[in-house]
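Fold and geometry: a report
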Amino acid sequence: MHLLPVPVRRFAAWCAVVLLAAGVGWVGILLCGELRTAVVPVLLALLGTALLGPLYRRLVKVGVNRSVAAALTCVAVVAVVGGAVYIVVAALIESGDQIVASLRRAADDIAQYFGAAGTSLHDLASNARELLGRFGGTAASGVISGVSVVGEFIAMAVLALLLVFFFLRDSDRAAHGLRALAPRGTADTVEAMARRAFRAVEGFMRGTTFIAFVDAVCITVGLLVLGVPGAAGLGALVFVAAYIPYLGAFLSGAVAVLVALADRGFVIALWALGVVLAVQVLEGHVLQPLVQSRTVHMHPAMVLLAITAGASVAGILGILLSVPLTAAALAVVHELRTRHGAPPEPAES
């Protein structure tokens, strides 16, 4: 090794570090996949704790017992989430037929202009029915696995809610636990990294929820003014999709424009596109910098890469968790750079 030039040795050392870190990360991902029934509730509980922390701290500040405050917070989140799910599902059920019919008409119009000769959506539908009939036995057996998936999802949701209660109630003990587990001499650094990562996740969750609400309200009002059918359901879709940065807004906006095109014509579709673009401009130039710039510093390219990596690793769940986890990792990196970065060069006299 001493025969190699210094730059080559440095390059080899960095390669070894990157390969070691990648190997450890890959093994960690595999273990999380095997233990997903326990890992997923913990991650969801951390996100829920980050979102509900201000409400819990406010209850404790006014003199409510910590356990009672944590229980009230959990009851509140069940009521809010249950009510939100009910509103979203009811809106989608009420206007789902209109949305699907409008999308079907839009697809028929697109197929008339751009479809290949001798093919149509009806041919595709008949082929799909043939495939379903051919593999019907597999589909029937998949019902049992589907029931098990639903049971696993309910179990993880209940476990996540219980973990939210304990995380909120015992949040004051978390710092002491980290300091006790940290190696000697690193307790302050570990605690600072954990606090900064949690603040990043907290800022992301609170900011994303507020932005999703504003986007959904603005687009719903705009579609109602334009007379687009299924405006409430489309607004609910916008709210849910807003938790997937950039891609979610694009997909939900595209659905709204297609529905307007199918039911109200080209001019109303252009107006609907203008409403969607105006909301996106409001989000990108006002809401995002104002709400999340102080806690989450992520370039859009990094967000898209994180979403792609999360989708390849864990599907839809990976898409939802990738951005807050990346924000937490970046916060840890920033804290380490702040504490152990190179000292500034002295100014020349």
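Quantities reported herein were computed from a predicted structural model and do not represent experimental measurements. (Residues numbered from 1 in each chain as written. Predicted model: local features only at pLDDT ≥ 70, side-chain atom pairs only at ≥ 80, totals over all residues. Heavy atoms only, no water.)

Re the overall build of the protein chain
The condition is simple: Helix numbers and strand numbers start at the N terminus; a helix is a DSSP run of H or I with at least 4 residues, a strand a run of E with at least 2. A contact between two residues is defined here by any heavy atoms of the two lying within 4.5 Å. Surface accessibility in these figures is a Shrake-Rupley result with a 1.4 Å probe; residues are shielded only by whichever protein chains are displayed.
Looking only at helices and strands, one finds 11 helices and zero strands in the protein chain. Across the protein chain, helices and strands are ordered from the amino to the carboxyl terminus as α-α-α-α-α-α-α-α-α-α-α. Nonlocal contacts in the protein chain, meaning residues at least 24 apart in sequence, comprise 73% of its contacts between residues at least 6 apart. Carbon and sulfur atoms make up 72% of the accessible area of the protein chain, which totals about 22,200 Å².

Focus: the nonpolar core
In plain terms, the rule: Among buried residues, those of type Ala, Val, Leu, Ile, Met, Phe, Trp, Tyr and Cys that are joined through side-chain atoms within 4.5 Å constitute a nonpolar core. Burial here depends on accessible area, computed with a 1.4 Å probe over protein chains only, as a share of the maximum for the residue type. Under 20% is buried, over 50% is exposed, and the range in between is partly exposed.
Leu 47, Val 201, Met 205, Met 298, Val 303, Ile 307 and Val 323 are the most contacted members of the largest nonpolar core, which totals 16 residues. Counting residues per element, the ones that place at least two in this core are α2 (36–61), α7 (187–226) and α11 (300–340). Considering each element in turn, this core owes the most residues, eight residues, to α11. Of all hydrophobic cores here, the second largest spans 14 residues; its members include Ile 219, Val 228, Leu 234 and Val 238.

Concerning the packing of helix α6 (residues 171–181) against α7
As a reminder of what qualifies: For helices, the fitted line uses only the C-alpha atoms of the stretch in contact; every axis is such a line through C-alpha atoms, and the angle between N-to-C directions lies from 0 to 180 degrees. For classification purposes, angles smaller than 35 degrees are called roughly parallel, those larger than 145 roughly antiparallel, those between 65 and 115 roughly perpendicular, and all remaining angles oblique. Take the far helix as your reference; a near helix turned counterclockwise from it by less than a right angle gives a left-handed crossing, and one turned clockwise gives a right-handed crossing. We call Asp, Glu, Lys and Arg charged. Ala, Val, Leu, Ile, Met, Phe, Trp, Tyr, Cys and Pro are nonpolar, and the rest, Gly among them, are polar.
Between α6 and α7, the shortest axis-to-axis distance is 8 Å and the interhelical angle comes to 140 degrees. With respect to their mutual orientation, α6 and α7 come out oblique. α7 is crossed by α6, and the crossing has right-handed handedness. Two secondary-structure elements touch here, α6 through Ala 175, Leu 178 and Arg 179 and α7 through Ala 187, Asp 188, Val 190, Glu 191, Ala 194 and Arg 195. In terms of residue class, the contact of α6 with α7 is made up of five nonpolar, no polar and four charged.

Things to note about the packing of helix α8 (residues 231–241) against helix α9 (residues 247–264)
Remark: α8 packs on α9, axes separated minimally by 8 Å, with the N-to-C direction vectors making an angle of 165 degrees. One element, α8, and the other, α9, form an angle in the roughly antiparallel class. For the pair α8 and α9, the crossing hand works out as right-handed. Across from Leu 234, Leu 237, Val 238 and Ala 241 in α8, the residues of α9 making contact are Gly 248, Ala 249, Ser 252, Val 255, Ala 256 and Val 259. For the contact of α8 with α9, the class distribution of residues is eight nonpolar, two polar and no charged.

Observations concerning the side chain of Asp 215
Stated formally: Positive residues here are Lys and Arg, negative ones are Asp and Glu, while His and the chain termini are left out of the count. Note on definitions: salt bridges are taken to be side-chain nitrogens of Lys or Arg within 4 Å of carboxyl oxygens of Asp or Glu.
Mapped onto the elements, Asp 215 comes out in helix α7. The side chain of Asp 215 is buried and forms no salt bridge, while Arg 206, the nearest opposite charge, is found at 17 Å. If we skip the residues at most four places from it in the chain, Asp 215 touches Val 238, Val 279, Glu 283 and Leu 287.

Examining the packing of aromatic side chains
The condition is simple: Within 6.5 Å between ring centres, the rings of Phe, Tyr and Trp (the latter by its six-membered ring) count as paired, and their orientation is classed by plane angle as stacked under 30 degrees, edge-to-face over 60, tilted in between.
Evaluated as defined, the whole model comprises one aromatic pair. Look at Phe 165 and Phe 166: their rings are 5.2 Å apart centre to centre, the planes differ by 75 degrees, and that puts the pair in the edge-to-face class.

Looking at a nonpolar patch on the surface
In plain terms, the rule: Any residue with relative accessible area above 30% and no salt bridge may belong to a patch, with like charges joined within 9 Å and the nonpolar Val, Leu, Ile, Met, Phe, Trp and Tyr side chains within 5 Å.
Judged by side-chain polarity, Leu 261, Phe 266, Val 267, Leu 270, Trp 271, Leu 273 and Leu 277 come together as a nonpolar surface patch covering roughly 710 Å² of accessible area. The leading source of residues in the nonpolar patch is helix α10 (residues 266–292), at six residues. Topologically, Val 267 is positioned in helix α10.

Notes on the pattern of salt bridges
One pass over the structure, following the stated rule, counts five salt bridges. Glu 202 serves as the salt-bridge partner of Arg 57, at 3.0 Å between the closest nitrogen and oxygen. Here Glu 202 lies in helix α7 and Arg 57 lies in helix α2, a separation of 145 residues in the sequence. Of the residues examined, Glu 202 reaches a relative accessible area of 10% and is grouped as buried. One connected set of salt bridges, linked through shared partners, spans Arg 57, Glu 202 and Arg 206.

Side note on the side chain of Glu 191
Relative to the helices and strands, Glu 191 resides in helix α7. Overall, Glu 191 belongs to the buried group, its relative accessible area being 16%. Here Glu 191 is in contact with Ala 175 and Arg 179, once residues within four sequence places are set aside.

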